[in-house]
Amino acid sequence: FGKMGIHYLQRLNAANVPKEILEKGQNRVIEASLTLIRERAKLKGELLRALGGVVASASLLGVPLGHNSSFLQGPAFAPPRIREAIWCGSTNSTTEEGKDLCDPRVLTDVGDVPVQELRDCGVEDGRLMSIITESVKLVMDEDPLRPLVLGGDHSISFPVVRAVSEKLGGPVDILHLDAHPDIYHAFEGNVYSHASSFARIMESGYARRLLQVGIRSITKEGRDQAKKFGVEQYEMRTFSRDRDFLENLKLGEGAKGVYVSVDADCLDPAFAPGVSHIEPGGLSFRDVLNILHNLEGEIVGADVVEFNPQRDTVDGMTAMVAAKLVRELTAKISK
């Protein structure tokens, strides 16, 4: 579908359609997209404030973006599959920490950023990233909503973290669970590549601390960039040594809060086969939950990214894994 949209734009350009007409059309689509998210966030915020007693509530925002992947674009199809799995009747609505997702004070949903429609209109990546940032800020405008973003490939973390940091007025501490550090300066020449998102975050000063856990596919550039930005990398080859520290993290003190980014491929593919980049030797699902459950700090935003439904098992195993991650992050955010 993305190629169809791009080809349509190319035909318009070839037909010498005036640039100002295209720009006006783009602006209308952008405003309509932001208006829908704004109004849905307002409605959910108003309802929660009317109910009262809510300090923070996780609010789902889908960002179905896959074209910045260096291999497969399947993560663009993930948000609806994750939502379907969250509410699957095979399990109940209570998280392991006892939060009931059916309680509107615990979890809300403001829908998706219409990435494909925006790209069909010829919106280029820099502007698209700004639209994602603005969408997250619209969610954060409505106290007590806090963004829990469904990717999409990992390129979305840059505009989301940018929104959180700018909205809160300073850098956050980031816990990043991933097989890869995603810190190339510009992977394959793409500054918005899913393999470069954390380079954009660090160079912009949006993170005070960045802890990367589960790393097991890293190049010299990945290590050099980590040294340049002061990133704390915890590789799988030393996980047994680091386990006690990682399962008892205290983050956010002196920063504007904690942001959690979970790439589904942080898990060993035995637990999550439905990812674009298969990297054996990863974390177990219980390892990840132990890290999240024991994390001390105020979580101000989070994302779950890189689930690829096109590579999942027939029974949707990885969709259920992604949904479980979302459920447990919801429990950590909502209070």
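Being a predicted model, the structure only gives us computed values, none of them experimental.

**Quick look at the overall build of the chain**
Within the chain, the regular secondary structure consists of 11 helices and 8 strands. Rg of the C-alpha trace for the chain: 19 Å, near the compact-globule value of 20 Å for 335 residues, within the 12% margin. Counting only C-alpha atoms and orienting by the principal axes, one finds that the chain spans roughly 60 × 55 × 45 Å. Carbon and sulfur atoms make up 52% of the accessible area of the chain, which totals about 13,900 Å². Positive and negative side-chain charges of the chain, numbering 39 and 47 respectively, have mean locations separated by a distance of 2 Å.

**Observations concerning the packing of helix α2 (residues 19-51) against helix α5 (residues 125-140)**
Between α2 and α5, whose axes approach to 9 Å, the crossing angle comes to 20 degrees. As judged from the angle between their axes, α2 and α5 are roughly parallel. Where α2 crosses over α5, the two elements pack in a sense that is right-handed. Of α5, the residues touching α2 (which contributes Gln26, Asn27, Ile30, Leu34, Ile37, Arg38 and Ala41) are Arg127, Ile131, Glu134, Ser135, Leu138 and Val139.

**Thoughts on the packing of α5 against helix α6 (residues 157-168)**
It is the contact of α5 with α6, at a shortest axis distance of 8 Å, that shows an interaxial angle of 45 degrees. Judged on the interaxial angle alone, α6 and α5 are oblique. Of the two elements, α5 crosses α6, and the hand of that crossing is right-handed. The residues of α6 that touch α5, namely those facing Met129, Ser130, Ile132, Thr133, Val136, Lys137 and Met140, are Pro159, Val160, Arg162, Ala163, Val164, Glu166, Lys167 and Leu168. A breakdown of the residues in the contact of α5 with α6 according to their chemical character gives 9 nonpolar, 2 polar and 4 charged.

**Side note on the environment of leucine 101**
As for its placement among the helices and strands, leucine 101 is situated in the loop between α3 (78-86) and β2 (107-112). With relative accessibility at 2%, the residue leucine 101 sits in the buried group. With sequence-adjacent residues up to four places away left out, leucine 101 is seen in contact with Ile86, Trp87, Ser93, Thr95, Val106, Leu107, Arg327 and Thr330.

**Focus on the sheet that holds strand β6 (residues 232-235)**
Read from one edge to the other, the open sheet built from 8 strands follows the order β2-β1-β3-β8-β7-β4-β5-β6, with strand pairing classed as parallel. The outermost strands of the open sheet, each flanked by one partner alone, are β2 and β6. For this sheet the average axis-to-axis angle between neighbouring strands, irrespective of direction, equals 15 degrees. Where strand β7 (residues 258-263) and strand β8 (residues 299-305) come together, 6 bridges link them in parallel fashion. Along β8, the bridge assignment pairs serine 261 with aspartate 303. Sheet contacts for helix α9 (residues 239-246): β5 (207-215) and β6; angle to β6, the most-contacted strand, approximately 125 degrees.

**Some words on the side chain of aspartate 125**
By the element assignment, aspartate 125 lies in helix α5. For the buried aspartate 125, which has no salt bridge, the nearest side chain bearing the opposite charge is arginine 119, at an N-O separation of 5.0 Å. Sequence-distant contacts of aspartate 125, defined by excluding residues within four places in its chain, comprise His67, Asn68 and Tyr192.

Conventions adopted
- Residue numbering note: each chain is counted from 1, following its sequence as written.
- Residues qualify for local features only when their pLDDT is at least 70, as the model is predicted, and side-chain atom pairs are given and counted only at 80 or more; totals for whole chains, interfaces and linings, by contrast, use all residues.
- Processing note: side-chain calculations cover all non-hydrogen atoms of the structure and skip hydrogens and water entirely.
- Per the convention used, a helix needs a DSSP run of H or I reaching at least four residues, while a strand needs a run of E reaching at least two, with both numbered from the N terminus.
- C-alpha atoms define the radius of gyration in this analysis, and the globule rule sets the expected value at 2.2 Å times the number of residues to the power 0.38.
- Surface exposure here means Shrake-Rupley accessible area, sampled with a 1.4 Å probe, where a residue is shielded only by the protein chains that are shown.
- Charged-residue counts in this description rest on Lys and Arg as positive and Asp and Glu as negative, His and the chain ends being excluded.
- In plain terms, the charge of a residue is placed at NZ if it is Lys, CZ if Arg, CG if Asp and CD if Glu.
- Between N-to-C directions, angles cover 0 to 180 degrees, with each direction set by a line fitted to C-alpha atoms, over the stretch in contact for helices.
- Here roughly perpendicular refers to angles of 65 to 115 degrees, roughly parallel to angles under 35, roughly antiparallel to angles over 145, and oblique to all remaining angles.
- Should the near helix be turned anticlockwise from the far one by less than a right angle, the crossing is left-handed, and should it be turned clockwise, the crossing is right-handed.
- Contact criterion: two residues are considered in contact whenever any of their non-hydrogen atoms come within 4.5 Å of each other.
- Gly is put with the polar residues, along with every residue not named as nonpolar or charged; the nonpolar set is Ala, Val, Leu, Ile, Met, Phe, Trp, Tyr, Cys and Pro, and the charged set is Asp, Glu, Lys and Arg.
- Partly exposed residues are those whose accessible area sits between 20% and 50% of the maximum for their type, while under 20% is buried and over 50% is exposed, using a 1.4 Å probe and protein chains only.
- Pairing between strands is defined by DSSP: at least two bridges between them are needed.
- Salt bridge, as used here: a side-chain nitrogen of Lys or Arg that lies within 4 Å of a carboxyl oxygen of Asp or Glu.

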